[in-house]
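# Structural characterization, general
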Amino acid sequence: MKPDIAWPRNDYSRVPFWLHHDEDIYALEMERIFRGPAWSYLCLEAEIPNPCDFRTTWVGDTPVIVSRAKDGVIHAFVNRCSHRGAMIVRELRGNAERLVCLYHRWCYSNAGELTGLPFRKGLKGEGGMPEDFDMKAVSPQRLKVANCHGMLFGTFSDRAETIEAYLGEFGIGMVRRFLSRPVRILGYSRQRIAGNWKLYAENLRDTYHASLLHEFFVTYGVDRATQKGGVKMDARHRHNMNHAYAGSDSQEEAKAAYADTAARLDRMQLRDKKLLNYKNEFPDGMNLAAPTFFPNALLIQINNTLGTRQIRPKGPGAHEVFQTLFGYVDDDEAMTRHRLISANLVGPAGFVSMEDGEAIEVIQKATRSSPEGCEVIEMGGRGPVADQAHRVTEAPIRGFWSYWAELMGVEPAGGIR
Amino acid sequence: MTVSPETRELLTALMAEYAMAIDEDRLEDWVELFTEDCDYRVVTRENVEQGLPNVLMWCDNKDMLRDRVDSYRHVNVYNPHYDRHVLGPLRFTGEKDGAWTFDVSYSLFQTTLEGESRLFSVGRYRIEARLEGDAARLKTVTVIADTGLVPSLLATPI
Ligand SMILES: [Fe+2]
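It should be emphasised that the depicted structure is a prediction, and the values quoted were computed from it without experimental measurement. (Residues numbered from 1 in each chain as written. Chains lettered and ligands numbered in written order. Predicted model: local features only at pLDDT ≥ 70, side-chain atom pairs only at ≥ 80, totals over all residues. Heavy atoms only, no water.)

The next point concerns the pattern of salt bridges. Inspection of every chain in the model, using the stated rule, returns 45 salt bridges over all chains. Across the pair Asp331 of chain A and Arg181 of chain A runs a salt bridge whose closest N-O atoms are separated by 3.7 Å. With a gap of 150 residues between them, Asp331 of chain A in the loop between strand 18 (319-328) and helix 8 (333-342) and Arg181 of chain A in the loop between helix 2 (163-178) and strand 12 (183-193) connect regions that are remote in the sequence. On the basis of relative accessibility, which here comes to 16%, the residue Asp331 of chain A falls in the buried class. As a salt-bridge pair, Arg130 of chain B and Asp37 of chain B come within 3.3 Å of each other at their nearest N and O atoms. (Salt bridge = Lys/Arg side-chain N within 4 Å of Asp/Glu carboxyl O. Helix = DSSP H or I, 4+ residues; strand = E, 2+ residues; numbered from the N terminus. Buried < 20%, exposed > 50% of the residue type's maximum accessible area, 1.4 Å probe, protein only.)

Residue and element names in this part refer to chain A. Protein coordination at the iron ion comes from His209 (NE2), His214 (NE2), Asp356 (OD) and Asp356 (OD), with a distance range of 2.1 to 2.5 Å. For the iron ion, the four donor atoms in the first shell make angles of 56 to 149° at the metal, so the coordination geometry reads as irregular. For the iron ion, all donor residues lie on one chain, and their spacing in sequence is H-x4-H-x141-D. Taken together, the positions of His214 in the loop between helix 4 (207-213) and helix 5 (215-219) and Asp356 in helix 9 (residues 354-367) put the pair 142 residues apart, joining distant regions of the chain. Here His214 and Asp356 have matching classes, each one buried. (Donors = N, O, S within 2.8 Å, 3.2 Å for Na, K, Ca; no water. Tetrahedral: all angles 85-135°; square planar, octahedral: opposite > 155°, others 65-115°.)

Let us now look at the interface of chain A and chain B. Between chain A and chain B, the residue contacts involve 41 residues of the former and 35 residues of the latter. Carbon and sulfur atoms supply 55% of the area buried between chain A and chain B, which totals about 3,400 Å² over both sides. Interface area lost by chain A to chain B is led by Tyr188, Arg271 and Met354 of chain A, which between them contribute 18%. Across the chain A-chain B interface, the total number found is five salt bridges. (Contact = heavy atoms within 4.5 Å. Buried area = accessible area lost by both parts, 1.4 Å probe.)

Let us now look at the sheet that holds strand 7 (residues 99-100) of chain A. All names here are of chain A. Pairing within the open sheet is antiparallel, and its three strands lie in the order 7-8-9. Both outer strands of the open sheet, strand 7 and strand 9 (114-116), are each paired with one neighbouring strand and no more. Sheet analysis places strand 7 next to strand 8 (residues 107-108), joined by two bridges and oriented antiparallel. Of the residues in strand 8, the one forming a bridge with Leu99 is Tyr108. (Pairing = 2+ DSSP bridges.)

What follows concerns helix 1 (residues 23-34) of chain A. Residues and elements named next belong to chain A. The terminal C-alpha atoms of helix 1, which comprises 12 residues, lie 15 Å apart, in line with the 16 Å expected from a rise of 1.5 Å per residue. Inspection of helix 1 places Ile25, Tyr26, Leu28, Glu29, Met30, Ile33 and Phe34 among the buried residues, and these make up the whole buried set. Residues of helix 1 that are buried make contact with strand 2 (40-44), strand 3 (53-59), helix 3 (197-205), strand 17 (305-313) and helix 10 (395-408). One side-chain oxygen of the residue at the start of helix 1 lies 3.1 Å from the amide nitrogen of Asp24, identifying that residue as Asp22. (Expected span 1.5 Å × (residues − 1). Polar contact = N/O pair within 3.5 Å; in protein donor to acceptor, adjacent residues only side chain to side chain.)

All names here are of chain A. Between helix 1 and helix 10, the shortest axis-to-axis distance is 9 Å and the interhelical angle comes to 85°. Compared by their axis directions, helix 1 and helix 10 come out roughly perpendicular. Contacts from Ile25, Leu28, Glu29, Arg32 and Ile33 in helix 1 reach Trp404, Leu407 and Met408 in helix 10. (Axes fitted to C-alpha atoms, helices over the stretch in contact; angles between N-to-C directions. Parallel < 35°, antiparallel > 145°, perpendicular 65-115°, else oblique.)

This brings us to the environment of Trp7 of chain A. Residue and element names in this part refer to chain A. Position of Trp7 relative to the elements: it lies in the segment before strand 1 (14-16). Of the residues examined, Trp7 reaches a relative accessible area of 9% and is grouped as buried. Through-space distance from the C-alpha of Trp7 to that of Pro412 is 6.4 Å; in sequence the pair is 405 residues apart. Excluding residues that lie within four positions of it along the chain, Trp7 makes contacts with Tyr12, Arg14, Val15, Pro16, Leu19, Trp401, Trp404, Ala405, Val410 and Pro412.

Moving on, we come to the packing of aromatic side chains. All told, the structure shown has 27 aromatic pairs over all chains when counted by the stated rule. Between the aromatic rings of Phe400 of chain A and Trp401 of chain A, the centroid separation amounts to 5.5 Å while the plane-to-plane angle is 85°, which identifies the pairing as edge-to-face. In terms of burial, Phe400 of chain A and Trp401 of chain A fall into one category: buried. Residues Trp30 of chain B and Phe34 of chain B carry aromatic rings whose centres are separated by 5.1 Å and whose planes lie at 75° to one another, so their mutual orientation is edge-to-face. Here Phe34 of chain B falls in the buried class, since its relative accessible area comes to 1%. Feature note: the residues Trp7, Tyr12, Phe34, Trp197, Phe294, Phe400, Trp401, Tyr403 and Trp404 of chain A constitute an aromatic cluster, connected by ring pairs. The residue whose ring lies beneath Lys314 of chain A is Trp58 of chain A, and the NZ or CZ to ring-centre distance is 4.0 Å. Above the face of the Trp58 of chain B ring, Arg41 of chain B is positioned so that its terminal group lies 4.2 Å from the ring centre. (Phe/Tyr/Trp six-rings, centres within 6.5 Å; stacked < 30°, edge-to-face > 60°. Lys NZ or Arg CZ within 6 Å of the ring centre and 35° of its normal.)

What follows is the structure, encoded as structure tokens:
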């Protein structure tokens, strides 16, 4: 199937609204992106530290088990019994030598191989499976797994690039930056947003909105467009990193730039300033870093809050944002407490993130009735996409769409990449 | 455990006002129900059962609560809605030096400006309240939400 997308422009500065609402587009995304040659973020290695540990996750709308076998090797396979299609594992996580489907007790190894089934040879010579039944041939579909410094990625496709080529030097470097020390998982948060998953992917690449929608950033000086920062992409422009440096602008510059909020800059003060304490722990000095990887991943640092986010599409009109917060094994109690206090900034109730859910939902609501309408994406320029040393830009969103169109097989004639 | 009718009534009224203050958008009054050295946090059952400390919201003193409310009033943008809490009875778990601990189940419904209601969150509070003369104040409120999958976003407190 080739959907008929009439791109008004070949630089993705216009994106049809209906792409956020269409069932066929959604089904094709699951096939060509999430079950195609993209690498999806699965979970952190630190979540399955021991032999026989497993946890469940999602790749697009496919349920997946990530597990560590006895020999330490990490596997990922579809969480669907070969027999009648039941979910094999229903828990979020666990430790087991074999995984057993509840329905007819079919048994799987940690590597996802079907290893046994009850009454295979029948009972007292009656019933049972045919002699030549091949358990191996019906084992659940496996994903290729890549472990990038403790961040696990998976792909269903044999055609996928290596993870090194996919993330690029830039991406690998960012993962290494976040996961340079052994990680301690602090916990999870989940948010279900009534909007298409691509609206969240766009949001992560939209540095223009950050200091406008999230007024907390500006009011309390956590992050303003007047700070030193920018956007940096991989060569294919499918991933992006928004970043900024703490304390690199002045109150006067900020007041001039944010005339509407200027009055508030002096008046509003936090009574308890520890919320915004920042202990620099990275050699590069950034207090805000948000590298996002196509199609479903984000690493996020806001001050000393560190986490990953995984986008889990739930049909064309909804997605879950699954956030894993972490610190480091060598954090002392005071540092863990500080990270948790800083966590007030992020997540479903975060001072600088709660607005995203609302912005996405009101787009989904308002665009349904406009099949002919388009997003206008020209901030930061038209034409070819490139890195920028400022954040008044939406260029990385156009980069996202260019790679989306490539994988979907729907690029316009002369489409930029 | 034995709880005098007066104490039970006082703490029940405290929780009723807690819920109504949020539902009537009197967040400043809600803050006043807490002690200065209070601890308010929202956690999820998923994290608690895995022994993980993550918080959705954490104010470890009354100033942080005031900051949150100020931020809602002047800084943050969220989904316009009405809240409606429905609380269960108090189950007392202990008393020490005038501080009572108890659990309360809650359901929190949200209604849009166009009148559409939905179940927003269900869970329980673990509460420590202090009696000071005839008044009761909240020292610790830990919201343990069964609803770990937050619908849309979490702004106004639970
Ligand atoms: Fe945002």
